[in-house]
Structure formats: structure tokens, C-alpha cells
Amino acid sequence: MTTIILAIVIGAAFGAALDRIGATNPNWIWRMLNLSNLHLMKTILLAIGTGSVLMFGGQMLGLVDVGHMSVKAAYAGVFIGGLMLGAGWAASGYCPGTGVAAAATGRKDALFFIAGGLLGAAAYMLTYPWWKSAGLLDDMAGGKVTLGEVPESGYAGLTGLPGDLLGIVLGLAFVAVAFVLPERLRQAPEGREVRMPAE
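Worth saying up front: this structure is predicted, and the values here are computed from it rather than measured. (Residues numbered from 1 in each chain as written. Predicted model: local features only at pLDDT ≥ 70, side-chain atom pairs only at ≥ 80, totals over all residues. Heavy atoms only, no water.)

## Overview of the layout of surface pockets
Empty space within the largest pocket amounts to approximately 770 Å³. Forming the walls of the largest pocket are 25 residues, and the residues nearest its centre are Gly-81, Met-84, Leu-85, Gly-120 and Ala-121. Contributions of two or more residues to the lining of the largest pocket are made by helix H4 (76–92), helix H5 (96–104) and helix H6 (108–133). Partitioned by chemical class, the residues of the lining of the largest pocket number 18 nonpolar, seven polar and no charged. Along the wall of the second largest pocket there are 15 residues; nearest its centre are Phe-14, Leu-18, Ile-21, Ile-44 and Ala-47. Secondary-structure elements contributing two or more residues to the lining of the second largest pocket are helix H1 (2–21), helix H3 (39–61) and H5. No other element matches the five residues that H3 contributes to the lining of the second largest pocket. Classifying every residue of the lining of the second largest pocket by side-chain character gives twelve nonpolar, three polar and no charged. (1 Å grid on protein atoms, 1.4 Å probe; cavity = no way out; pocket = protein on both sides within 12 Å on 5 of 7 lines; lining within 4 Å. Points joined across faces, edges and corners; volume = space filled by probe spheres on them. Helix = DSSP H or I, 4+ residues; strand = E, 2+ residues; numbered from the N terminus. Nonpolar A, V, L, I, M, F, W, Y, C, P; charged D, E, K, R; others polar.)

In C-alpha cells, the structure reads:
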């Protein structure tokens, strides 16, 4: 029961943070994707970089159990799914996490997004045997691998580099990019804004 309560509290806090930075507002997503306002991109890069430094640094210091590290397998289907997710994100202004958080704020369009996601998941389940038989779910490049070798993780590394140090370096690079990126790379195009319920 404690685990469920903790998950609800952390999920609510994460959703509140998404709303606070503007990730539940499709306009902010479109501004980021058309490079007219990089506030959200800078926030995402900062969060990923900070999380990477803390996780890999914690593993090196023995504060984070390497056994909690989870790596997804690489296969053709995951790349196709990633392209579909990106296209859907650009078209709707939501990804699965931000869509649920937006629905919690009262956005009706987010409810349609969630319904579409559930229909897509159902379609995938119904067609799963075909994807499997087509070989699109077969492991590529060793399946569950990391860029560098992380001691005691149980995953092979694509390079001989120490994975913990590589994770920290890449995390610091993300943080640096977040700070040096300008606020915008181009002017906002006309006619793409949508009216917000509270505006």
C-alpha cells in the first residue's frame, strides 16, 4: 500500500512540475518544435542532464543500486514507434505523460488524445503477431546494451568506455547545452496558436 501511495504522490508532483513548466500546453510544444521558443527544450535538457549526473554519480558512490538500472532492447519496431510518437507529439502537442497531466488540468482536447492513445495501444495488441512474425521485434545491435560498460549492471557495453563516467559526461553536456541555448532560433510563424481554456 505504501508503494501505491508513494507512486501517486510522485506522479502528482511530476504532473504538477510538467504543468508548471508549460509541458501541458500544446502551444509551448509547437513553439519548441518550430524553434521559436526553446524554454521547454532547455528545461528538458536540464532535467535529463541533472538526472543522468545524479544517477551515474550515485552509482559510482554506491548510493544508487545498479540493479535498479533498466535498459530497453533495441529493435526495428522501437525506432518505428519512436518516429510515430514524435509525429504524434508534433501534431497534437502532447506526449503520453503530458497528455495525462493536461487532462488533469481540465483540458478536453487531452481527453481525445488519451482516447487515441488507448485505441493505438489496442490496435498494436491486436496486430502484435504480425509485427512479431515480420521480425520488427527482433533484437538489433546486441539488444539490451549500453554505450559504456556499467559495472554490475548485467548489460554489455557498445564501447569499452566506463559507463558511469560516460553517463556523467553526457549529463554535464546536456546541462551545458541547456544553459547556452538561446531563448529562440527563429521568429514564431503566424496562425499556429490555439486558444487555451484559461486564456
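## Observations regarding the nonpolar core
Judged by nonpolar contacts, Phe-56, Val-66, Met-69, Val-71, Val-150, Tyr-155 and Ile-168 together constitute the single largest core of seven residues. Aside from chain neighbours lying at most four places away, what touches Ile-168 is Val-53, Phe-56, Gly-57 and Met-60. Grouped together as the second largest cluster of nonpolar side chains are six residues, Leu-18, Ile-29, Leu-40 and Ala-101 included. (Core = buried A, V, L, I, M, F, W, Y, C linked by side-chain atoms within 4.5 Å. Buried < 20%, exposed > 50% of the residue type's maximum accessible area, 1.4 Å probe, protein only. Contact = heavy atoms within 4.5 Å.)

## Some remarks on the side chain of Thr-98
In this structure, Thr-98 sits in helix H5. The class of Thr-98 is buried, set by a relative accessible area of 5%. Apart from the residues lying within four places of it in its own chain, the contact partners of Thr-98 are Leu-18, Ala-23 and Thr-24.

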